[in-house]
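A closer look at the structure
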There are 2 protein chains.
Amino acid sequence: MKIGDALKHYRVKPGDKVALSAINAADASLYEGGKSASLELFDELRDELQELQKVLYAQNKHRVLIVLQAMDSGGKDGCVKHVFSRVDPQGVNVKAFKKPSEEELAHDFLWRVHQHVPGNGQIVIFNRSHYEDILAVRVKKLFGDEVWKRRYRHVIEFERMLAEEGTTIIKLFLHISKDEQKRRLESRLANPAKYWKFNPDDLSDRARWDDFQKGYEDLIEKTSTDQAPWFIIPGDRKWYRNLVVARIMVDVLRGLKMEFPTVNWDPRSVVIE
Amino acid sequence: MKIGDALKHYRVKPGDKVALSAINAADASLYEGGKSASLELFDELRDELQELQKVLYAQNKHRVLIVLQAMDSGGKDGCVKHVFSRVDPQGVNVKAFKKPSEEELAHDFLWRVHQHVPGNGQIVIFNRSHYEDILAVRVKKLFGDEVWKRRYRHVIEFERMLAEEGTTIIKLFLHISKDEQKRRLESRLANPAKYWKFNPDDLSDRARWDDFQKGYEDLIEKTSTDQAPWFIIPGDRKWYRNLVVARIMVDVLRGLKMEFPTVNWDPRSVVIE
C-alpha cells in the first residue's frame, strides 16, 4: 500500500472493532522514504490543499468540518499549524473548545458547538469538540453513566443532520503512545517557551490513560458512521501524521468534484467605465 | 523616511483632515528597491509576525482587532491572504461581514460584530465591518441621514470600550485609484476562475465613486482615535500594500512587549510517570 491509500486504510468503518493498544502509534507503513524524503510530497499536498480551498470558497456550496481529538500533547495544535498554515486564513476557521463556561453548561451540550459549524464555502476545524462531552464525562464521572451513553445517539443524529444539510465531516483521532506522551510532556518542561503548554493537571488525565483509551475505543466504534467517519491517525511521528492528514484532506476535497462557479451573465458584455 | 516609519506615516491622527484625491494610491515612497527587492524583507516580516503571534497566543492576554475597509477590488482578500497566511490558523480568525441578514437587521448594528471581537490571545480580522453601516447607509441612503451621523458616536464609544477592556485596534483603509479598480475589475472579467469575484452590481457602487470617497474621508476623519486609529494604505501596488501592512502589524505587536507566560509551579519538580 501507498500513502494514497490513507483515506481507506485509516478509516474506521461502521461495525469495526477498535483496539488502540493493537494499533502501532509509530506506524509509518504507507510511506517508505522516511521523513526527509517525505517533505517534497508534503509540500505538494499543501499546495494542492491551498488550490482546493480556493475553489471551495469560490463555489460557496460545500461545508467542511474537521473534528480533531487526541490525548494531551497528541498533536492537535501542531497538525493544524502544519497542514493548514498555507491555506487562505479567510477560508478556514479553527475553533478550540475548552472547559465549558457556566453559560455553556446551562445549555444542552451541542449548543456551543452548533454555533461554530461551517457555512457554505468554509472549512472549520474543531480542536476538541462535542466528543469531550462524552469522553470526559465518562472517564471523570462528571454525570451519571446514562448521560454519556445517550449522547452517542445525540452526536450521531446531529452529525447526520449536518451531513444531510450539506456538510462533509471528517473526524480524526491522533493516536499517540503513552511513552511518546511522556517524551512530549518532558520536552515542554525543558523549554521555558513551552511551559505555558504544560498544565500540571494534565498528569491526572495521564494517570487515567487506560480509562481514556477505553473511552476512545468505545466512542470511535459507536460513532464512526458513513456520513461522519473516524480516522485513527498514527501520531508518534509528527511528519507521518501531517502527511497522512494532508493526504486525507486532499482526497476528501477532491472527492467533492468542485469547480469554479459559472455566472449567469456574459463577461464579454460588461463595460467598465 | 523608510518602511520602518510606516506606522507613523500612514496613521491618521485625531484632527487630521483627509483628502483621498490628494493621496497617491500608487505611492511606494517608503521603500526604494521596488517589488522584487522587497520580497526578502516581506518574508522576514511574515516570519516575525508568525513568531509574535505565537507569544500572543501563549500569553493569552492581549486581543488584537484589525478592521479592513476598501472599495470593491481594493485588496482586502489579497492582503489577508498574503500578510497572514504564514500565521498559525488557530490564532487568527477572519470574519467577513456581508449584506446583513434579516435577523441581523432586526438588531442594533453593532450586535453582529460584537459577537466576533477577539478574545484573549486572538487576532481577528474584520473583512468589512460596522463601518459599512455608516458608509453604505450614507451613500445608498438606506436610512435617514440622522442614522449614519449618530453612528459615528456609537462606533467611537464601542471601540473605546473594547480598547479599555484590553483590545488593540487597528483600522486599515486600502486606498486604490479609480483607474486601478477598472484594471482589476477587467482582469476578473478576463479570467473564468475569477468570474465569481465579479458582481455586476459592483458597477453601481463604482458609479458612485466620488460619493464613496467623500464618505470615507468623513468617516476616517471622524473616527480615527488614539485608541482605534485609521491607517490609509496606498493600495495600487499590491506588493507595497502587503509590505506596509506587514510592517505595521509587526510594529503594533512588538509594541505590546509580550512575553511567554511564567508559571507558578517549578518545572524541575515535575515527575512524569
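It should be emphasised that the depicted structure is a prediction, and the values quoted were computed from it without experimental measurement.

We now examine the UniProt feature "coiled-coil region" (unreviewed entry) in chain A. Here, UniProt's "coiled-coil region" (unreviewed entry) annotation points to residues 35-62 of chain A. The span residues 35-62 of chain A is 89% helix and 0% strand, and its two end C-alpha atoms sit 33 Å from each other.

Looking now at the sheet that holds strand β1 (residues 11-12) of chain B. Here we have six strands laid out as an open sheet, ordered β1-β6-β5-β2-β4-β3 (chain B), and mixed in their pairing. The outermost strands of the open sheet, each flanked by one partner alone, are β1 and β3 (92-96) of chain B.

Right, let's talk about helix α3 (residues 76-84) of chain A for a bit. Residues and elements named next belong to chain A. Looking at α3, one finds that the buried residues are K76, C79, V80, V83 and F84. Considered in projection along α3, the buried side chains sweep an arc of 100° and stay on one side of the axis. Packing partners of the buried residues in α3 comprise α2 (35-59), β2 (63-70), β3 (92-96), β4 (123-127), β5 (167-175) and α11 (238-255).

Our next topic: the environment of B:E159. All names here are of chain B. Relative to the helices and strands, E159 is located in helix α7 (residues 145-164). E159 sits 24 residues away from L135 along the chain, and the two C-alpha atoms are 17 Å apart. Aside from chain neighbours lying at most four places away, what touches E159 is H130, Y131, I169, K171, T223, Q227 and A228.

Turning our attention to the relation of the copies chain B and chain A. The transform that puts chain B on chain A rotates by 180° and translates by 0.0 Å along the axis, for an RMSD of 0.0 Å. Here the transformation between the copies is reduced to the relation of a two-fold axis. In this assembly, 97% of the residues forming the interface of chain B have copies in chain A that are likewise at the interface, indicating an isologous arrangement.

Here we come to the packing of aromatic side chains. The description of an aromatic ring pair rests on the distance of the ring centres and on the angle between the ring planes. The tally for this structure, following the rule as stated, stands at 20 aromatic pairs over all chains. Between the aromatic rings of A:F97 and A:F126, the centroid separation amounts to 4.9 Å while the plane-to-plane angle is 85°, which identifies the pairing as edge-to-face. A residue pair is termed long-range when its members are at least 10 positions apart, and A:F97 in the loop between β3 and α4 (102-105) and A:F126 in strand β4 qualify at 29 residues. Of the residues examined, A:F97 reaches a relative accessible area of 5% and is grouped as buried. Classification of A:F126 by relative accessible area gives buried; the value is 0%. Taking 5.2 Å as the distance between ring centres and 55° as the angle between the ring planes, the aromatic pair formed by A:F198 and B:W265 counts as tilted.

The rules we used
- Residues numbered from 1 in each chain as written.
- Chains lettered and ligands numbered in written order.
- Predicted model: local features only at pLDDT ≥ 70, side-chain atom pairs only at ≥ 80, totals over all residues.
- Heavy atoms only, no water.
- UniProt positions renumbered as here; feature names shortened; annotations may be inferred.
- Helix = DSSP H or I, 4+ residues; strand = E, 2+ residues; numbered from the N terminus.
- Pairing = 2+ DSSP bridges.
- Buried < 20%, exposed > 50% of the residue type's maximum accessible area, 1.4 Å probe, protein only.
- Arc of directions from axis to C-beta.
- Contact = heavy atoms within 4.5 Å.
- Least-squares fit on C-alpha atoms with pLDDT ≥ 70 in both.
- Phe/Tyr/Trp six-rings, centres within 6.5 Å; stacked < 30°, edge-to-face > 60°.

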